[in-house]
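What follows is each chain in one-letter form.
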Amino acid sequence: MVNEWLTGQAPVALRGYRRYIAGMPQAAKQDRLSLEPLAATAAAIRPVEWRAAPAIIGYDEAVAFMESHAARIAAGNASELVWLVEHPPLFTAGTSATSEDLAGTGRFPLHVTGRGGRLTYHGPGQRVAYPMLDLKQRGADVRRYVATLEEWIIATLAAFDVKGERRADRVGVWVKRPDKGEGFEDKIAALGIRIKRWVSFHGIAINVAPDLSHFSGITPCGINEQRYGVTSLEDLGVKASMADVDAALKTAFEKLFGATVEPAEKAAAVAAAR
């Protein structure tokens, strides 16, 4: 099963990460909160292309593009890419989704997908970021890659004075909600990835200003305790456009993963080199 998503032998240290990563075997919990993010990208690695889709992208279209681009990266025929998209209202079921998770999904299309994780919602007002990165050049450490994705989300939220936090027993990034009661927390961002030939795809989703009622009736990420809900920047009183969030994502990404380049800048550099 592991060979389906990762070329070569899976390190023992990856066990316990099946909630995030497609193809993970069942294992005891790991102390993932103690992991440090990946070191900043080495200077020898070329800047990562940074691209935002100008319109709503269908989920099947997005997956087909990621599969193709990730394969080209693995073959050495394409540059690394972060692709920012919004999807129409839909649900996705990852490799750890159960039949109980799927109750209440009839209102929007359901896509069974190859990423790690369980059930989640995507829709307008949610920024989805799909990093397609060559992890062989970045230490070949999947656990630390996941930790760095979490840190990327947390740093992005901090730009809007929102304190995002990780939890050992729950996936995603959470914010405390003392206004709702003691011990209440809401999920503001989710993540789930797939890795093939050491190239990552799928990624993270941050709730900027989606219709939170679209989460009702489902069990997102398998969490159904009353004190754990879903929130967004808008719900927390933050007035931020998608462009504002994209700028914060880019700044945080560059501090963790290294330089980026916009498509126009990349085209100009190629033209200048001719």
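Structural data are supplied above this passage.
Nothing here was measured: the structure is a model prediction, and the numbers come from that model.

Novice: I'm lost on helix α1 (residues 59–74) in this one. Help?
Specialist: In an α-helix, one full turn covers 3.6 residues, which means residues spaced three or four apart are oriented alike. A rise of 1.5 Å per residue sets the reference length of α1, with its 16 residues, at 22 Å; its end C-alpha atoms lie 22 Å apart and thus fit the reference within 8%. Of the residues making up α1, those classed as buried are Tyr59, Ala62, Val63, Met66, His69, Ala70, Ile73 and Ala74. Buried residues of α1, viewed axially, fall in a sector of 140°; they line one side. Residues of α1 that are exposed and point more than 90 degrees away from the buried face comprise Asp60 and Glu61. Close packing links the buried residues of α1 with β2 (81–85), β3 (90–93), β4 (110–112), β5 (119–122), β6 (126–132) and β10 (199–207). Looking one or two places after α1, you find Gly76, whose phi comes out positive at around 80°.

Novice: When you look at the pairing of strand β8 (residues 170–176) in this model, what are you seeing that I'm missing?
Specialist: Consecutive side chains along a regular strand alternate between the two faces of the sheet. Within β8, six of the seven residues are buried, which leaves it mostly tucked inside the rest of the structure. Bridge analysis of strand β7 (residues 165–167) against β8 gives two bridges, and the strand direction is antiparallel. In the sheet register, Glu165 faces β8, and the bridge partner there is Trp174. Linking β7 to β8, which pair antiparallel, is a turn of two residues. Examined bridge by bridge, β8 and strand β9 (residues 185–196) share four bridges and lie antiparallel to one another. Within β9, the position partnered with Trp174 by the bridge is Lys187.

Reading the values: rules and limits
Residues numbered from 1 in each chain as written. Predicted model: local features only at pLDDT ≥ 70, side-chain atom pairs only at ≥ 80, totals over all residues. Heavy atoms only, no water. Helix = DSSP H or I, 4+ residues; strand = E, 2+ residues; numbered from the N terminus. Expected span 1.5 Å × (residues − 1). Buried < 20%, exposed > 50% of the residue type's maximum accessible area, 1.4 Å probe, protein only. Arc of directions from axis to C-beta. Contact = heavy atoms within 4.5 Å. Pairing = 2+ DSSP bridges.

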